[in-house]
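Residues per chain are reported as follows:
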Amino acid sequence: MRILTILLLLPTLIFAQSADTLEKYPVFPNCGNVTNVELASCFNTAVQQYLVDNFNVPASLSEDELTPFKVQVEVTREGRFEVVYVDSNNKLLKEETSRVFASIPAITPATYNGEPTISQYRMPIIFPLAVRETVINPMATAQSLNENNVSEVKNEALINEYDLIESLPFNNEEYTSQLNIPLSHEMYTRFDAAMNSVGTNSHTAQKPYIYNEVNKYYNFEQENGKLIKERTTWLGRKLWNEHFVTLKGTDYWFTLDPGVDLQLGRDLDNDLNTYNNTRLVNFQGGLGKIVNFNATVYESQGRFADYINTYARSLAPDGGNPGIVPGRGIAAAINETDFDYPVATGHVSITPSKYFNIQLGHGKQFLGDGYRSLFFSDGASPYPFFKLNTTFWKIKYTNTWMSLRDVRSDVTADGSFRTKYVANHYLSYNVTKRLNIGLFESVIWQNDNDRGFDFNYLNPVIFYRAIEFSTGSRGGNALLGLSGKYKVNDNVNLYGQFLIDEFSSSDVFGGDGSYKNKTGYQIGAKYYNAFKVNNLYLQAEYNRVRPFTYSHNSVILNYGHNNQPLAHNLGANFSEFVAIARYRRDRWYGDAKFIVAKRGLELNEDNTPFYGGNIYGTEDDRLSDDGNELGQGNATDFFHAELEAGYLINPTTNLKAYASVIYRDFNPDINNALNSSASTVWVNFGVRTDLFNWYYDY
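These remarks concern the structure in this document.

### Concerning the overall build of the protein
Part 1: Check the secondary structure of the protein and you find 11 helices and 33 strands.
Part 2: The buried share among the 698 residues of the protein stands at 51%.
Part 3: Once local pairs closer than 6 in sequence are excluded, the contacts in the protein between residues at least 24 apart make up 65%.
Part 4: With the model as given, the accessible surface of the protein reaches about 32000 Å², and the carbon-plus-sulfur share is 56%.

What follows is the structure, encoded as structure tokens:
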């Protein structure tokens, strides 16, 4: 009988033993020596005692607002406490509850069958806080959830799904993102020295830069933090220090900023009042660690100095619009003197690994270390682009494909502007810690014979010249270039570019002045912290481009977009010297720029005969095969001086207040309807969100 009783009780004892050891509560350090039976009570007491000791009841809350609420917490496999849900409508209590549970030091996690597991608990928070008996109710462990428990937890999570969406503090995520840094000469000067220090493995020719590739050399948050103004009001913080709207969740962030470019000025020599009235919205953000995006929409009206207005009208597209605001886009007429020109830019940036960055957008590019670029500049209107950046070892390789427009009346078909495409490669190689060399190639082709986008040029590693021959020698226009940069020391670097737009070595080096000698070169130097003055930046640059460079015998295959050059703003057939000084201290800054140039302009509006200055002329109308010299045609002396002083209102949005004065002297040998002697003094005052470069030195 006694044996029978033992046999009958044995399964019960085994089950009880299994239940006791299969699942085990998390263990606080002071509960390490208690039995499994006592562990739940010890856990309950330890959690509550921690809350009593560390929960900071917000002082601003009255007793009536301290109503009880429930909290659901989870102990992870690592023993960390995470709040799943707080059933309270009071934001301060929610934040404090999340804070205090997150501050609990890691403990020994719950186990199931001896292995760490996730466990969930529900408990009330009752004021005044005190240790109470059996208030923490276990919900489930990850392994022991039965079907009913799974359903219960899932349903509760869905019911509370909206309330579980968290808003986290915004921590200037754009500074470590894959977003492009807006192309602004003044902004780029701030970190140019850091990126060009001897020994860095940076690549400075491919612009715009990406925030996270610059942030390791120049800590944006730290540097902007030095400029913070102490403001306690919401409006004060937004005006002087912060983004207007920020939103951050567990795996995403967004910012939204209104902006302006408001200018009032006067062209003193032409008795002309000038203005610009731009309102903009800048939206940017990130989804996860891989995807970032930016969109900026501008609505603008303006009237500029007479020489800018005249130049804008000379760019007028087919279809009746009065002009193209240089660097911006096609403008509609408001009246006889003013322009209305909307612009939209933006991009999506995807970084699937540390080696690759992929971008699709509508904007501008720049290739080079100088103020000007003979390869690709940001002086023309925005355009659609697709870009692939590949970075590894000592190399950065950039491939960009673009869709451009020729808007002249003589190439418009069926009321539509002509489409042409550009593909370019730029390979940057850091040969030593001081020396960098770059290889550039670009090709332009048109949509002839319904060719469309030629997929031959999608290959990121081929030489475009070979593809150009295979598709027809007149079906594309290829250019090659070589660049270099040498860091003399941390404060001085030298740079240069050499461009070839024709591949006949006998003509290029023959010395006969052949029209096929279509070359250009640039040499320059930068001096950081000049003469041991912190943040004083000096730059000197010489550019020289021979006649007929960037033009082509097929009228649409020139190196231009929207009637503007894609490389140097002056086109071709010129020599130019540029001197720039920039200085900043705290939020104050000052810039000075001086340009002296010798230009060879066309004598007739239809470019016949063609002297090689206007890139939209055709080589078939050239003056002669040989004997072509720089400055031929209507030789013009050009001088441009520009001074600007300003104050950085908000470092986060790059909002500035400034005053500027421009002096321009333009003296052609022959005065005619196309070009005539003129001097201009243009004074401007404004407030500007600085997100792109304005060029007034035409």
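Let's pick the thread back up.
### A few points about unusual backbone geometry
Part 1: Backbone torsion omega between lysine 207 and proline 208 reads 5 degrees, so that peptide bond is classified as cis.
Part 2: For proline 208, the location among the structural elements is in the loop between strand E8 (206-207) and helix H6 (211-215).
Part 3: In this structure, proline 609 follows threonine 608 across a cis peptide bond, with omega equal to -10 degrees.
Part 4: Mapped onto the fold, proline 609 is located in the loop between strand E30 (588-601) and strand E31 (634-650).
Part 5: Located in the positive-phi region is asparagine 654, a residue other than glycine, with phi close to 60 degrees.
Part 6: Relative to the elements of secondary structure, asparagine 654 occurs in the loop between E31 and strand E32 (655-668).
Part 7: Taking the relative accessible area as the measure of exposure, asparagine 654 reaches 2% and is therefore buried.

### Let's talk about the pattern of salt bridges
Part 1: In the structure shown here, the tally under the stated rule is 25 salt bridges.
Part 2: When the shortest N-O distance is used, the salt bridge between lysine 526 and aspartate 192 registers 3.0 Å. Note that lysine 526 is positioned in strand E25 (residues 519-527) and aspartate 192 in helix H5 (residues 185-195), a separation of 334 residues in sequence.
Part 3: Since its relative accessible area comes to 7%, lysine 526 is described here as buried.
Part 4: One salt bridge in this structure joins aspartate 690 and arginine 688, with 3.2 Å as the shortest N-O distance. The two residues aspartate 690 and arginine 688 agree in class, both being buried.

### A closer look at the side chain of threonine 76
Part 1: Counting through the fold element by element, threonine 76 comes out in the loop between strand E2 (69-75) and strand E3 (81-87).
Part 2: Look at threonine 76 and you get buried, because its relative accessible area is 7%.
Part 3: Those residues in contact with threonine 76 that sit more than four places away from it in its chain are Glu82, Pro109, Thr117 and Ile118.

### Side note on a negative patch on the surface
Part 1: A cluster of acidic residues, Glu605, Asp606, Asp620 and Asp621, forms a negative patch at the surface.
Part 2: Examined against the element boundaries, aspartate 621 turns out to sit in the loop between E30 and E31.

### Looking at the nonpolar core
Part 1: In this structure, Phe304, Tyr341, Phe376, Tyr550, Tyr559 and Trp682 are the most contacted members of the largest nonpolar core, which totals 56 residues.
Part 2: Counting only elements with at least two residues in this core, the list comes to helix H9 (306-314), strand E19 (383-392), strand E20 (395-406), strand E21 (418-430), strand E22 (435-446), strand E29 (574-585), E30 and E32.
Part 3: Those residues in contact with tyrosine 559, other than ones at most four positions away along the chain, are Phe375, Phe376, Phe440, Ser442, Ile444, Leu479, Tyr550, Pro565, Leu566, Ala567 and Ile615.

### Describing H5
One turn of the α-helix equals 3.6 residues, which is why residues spaced by three or four share an orientation.
Part 1: Summarising burial for H5: 8 of the 11 residues are buried, a large majority.
Part 2: Of all the positions in H5, only Glu186, Met187, Tyr188, Thr189, Arg190, Phe191, Asp192 and Met195 are classed as buried.

### Some points on helix H2 (residues 36-54)
Part 1: Over its 19 residues, H2 extends 27 Å from the first C-alpha to the last, a length consistent with the 27 Å expected when each residue adds 1.5 Å.
Part 2: Where H2 is concerned, the buried positions are Leu39, Cys42, Phe43, Asn44, Ala46, Val47, Gln48, Tyr50 and Leu51.
Part 3: The inward-facing, buried residues of H2 contact strand E1 (23-24), E3, helix H3 (91-102) and strand E6 (119-125).

### Topic: the packing of aromatic side chains
Part 1: Enumeration according to the criterion identifies 47 aromatic pairs in this entry.
Part 2: On the basis of an interplanar angle of 35 degrees and a centroid distance of 5.9 Å, the ring pair of tyrosine 252 and phenylalanine 254 is categorised as tilted.
Part 3: A relative accessible area of 27% places tyrosine 252 in the partly exposed class.
Part 4: Their ring planes at 85 degrees and their centres at 5.7 Å tell us that tyrosine 298 and phenylalanine 692 sit as a pair that is edge-to-face. Highlighted residues: tyrosine 298 in strand E12 (residues 291-303) and phenylalanine 692 in the segment after strand E33 (678-689), separated in sequence by 394 residues. Each of the two residues, tyrosine 298 as well as phenylalanine 692, counts as buried.
Part 5: Joined through ring pairs, the aromatic side chains of Tyr175, Tyr188, Phe191, Tyr209, Tyr211, Tyr218 and Phe220 make up one cluster.
Part 6: We note arginine 328 situated over the ring of tyrosine 298; from NZ or CZ to the ring centre the distance is 5.2 Å.
Part 7: It is arginine 599 that lies over the ring of phenylalanine 638; its NZ or CZ is 5.5 Å from the centre.

### Describing the state of the cysteines
Part 1: Taken as a whole and judged by the stated rule, the model has 1 disulfide.
Part 2: Across the disulfide from cysteine 31 sits cysteine 42; the S-S distance is 1.8 Å. The sign of the S-S torsion, about -85 degrees, decides the handedness of the disulfide formed by cysteine 31 and cysteine 42: left-handed. In this pair, cysteine 31 sits in the loop between E1 and H2 while cysteine 42 sits in helix H2, placing the two residues 11 residues apart along the sequence.
Part 3: When its relative accessible area of 15% is taken as the criterion, cysteine 42 is described as buried.

### So, the packing of H2 against H3
Part 1: Running from amino to carboxyl end, H2 crosses H3 at an angle of 120 degrees, the nearest separation of the two axes being 10 Å. Between H2 and H3, the angle falls in the class oblique. Along this stretch, H2 crosses H3, giving a crossing that reads as right-handed. Contact with H2, carried on its side by Val47, Tyr50, Leu51 and Asn54, involves Glu96, Arg99, Val100 and Phe101 of H3 and no other residues of that element.
Part 2: For the contact of H2 with H3, the class distribution of residues is 5 nonpolar, 1 polar and 2 charged.

Conventions adopted
- The numbering scheme is per chain: residues are counted from 1 as the chain's sequence reads.
- Local features in this predicted model are restricted to residues of pLDDT 70 or higher, and side-chain atom pairs are both shown and tallied only at a pLDDT of 80 or more, whereas totals for entire chains, interfaces and linings draw on every residue.
- The side-chain quantities take in all heavy atoms of the structure and omit both hydrogens and water.
- Helix numbering and strand numbering both begin at the N terminus, where a helix is a DSSP run of H or I of at least 4 residues and a strand a DSSP run of E of at least 2.
- For every residue, the accessible area obtained with a 1.4 Å probe (protein chains only) is divided by the maximum for its type, and the residue is called buried under 20%, exposed over 50%, and partly exposed between those limits.
- Contacts are assigned to residue pairs with any non-hydrogen atoms lying within 4.5 Å of each other.
- Exposure was quantified through the Shrake-Rupley algorithm and a 1.4 Å probe, taking into account, for residues, occlusion by the shown protein chains and nothing else.
- Criterion for a salt bridge: a side-chain nitrogen of Lys or Arg within 4 Å of a carboxyl oxygen of Asp or Glu.
- Patch membership requires more than 30% relative accessible area and the absence of a salt bridge. Residues of like charge join within 9 Å; the nonpolar side chains Val, Leu, Ile, Met, Phe, Trp and Tyr join within 5 Å.
- For the purpose of charge, His is not counted, nor are the chain termini; Lys and Arg are scored as positive and Asp and Glu as negative.
- Just so you know, the charge point we use is NZ for Lys, CZ for Arg, CG for Asp and CD for Glu.
- Note on terminology: a nonpolar core comprises buried Ala, Val, Leu, Ile, Met, Phe, Trp, Tyr and Cys residues joined through side-chain atoms within 4.5 Å.
- By this rule the span expected of a helix is its residue count minus one, scaled by 1.5 Å.
- Centre distance within 6.5 Å is the pairing criterion for rings of Phe, Tyr and Trp, where only the six-membered ring of Trp is used; planes under 30 degrees apart are then read as stacked, over 60 as edge-to-face, and the remainder as tilted.
- Charge-over-ring contacts are defined here by two conditions on Lys NZ or Arg CZ: a distance within 6 Å of the ring centre and an angle within 35 degrees of the ring normal.
- Sulfur atoms of two cysteines make up a disulfide when they are within 2.5 Å.
- Each axis is a line fitted through C-alpha atoms, and for a helix only the stretch in contact is used; angles between axes span 0 to 180 degrees, taken between their N-to-C directions.
- By definition in this entry, angles of less than 35 degrees are roughly parallel, angles greater than 145 are roughly antiparallel, angles of 65 to 115 are roughly perpendicular, and the rest are oblique.
- Note on convention: the crossing is left-handed when the near helix lies turned anticlockwise from the far helix by less than a right angle, right-handed when the turn is clockwise.
- Just so you know the grouping, Ala, Val, Leu, Ile, Met, Phe, Trp, Tyr, Cys and Pro go in nonpolar, Asp, Glu, Lys and Arg go in charged, and all remaining residues, Gly too, go in polar.

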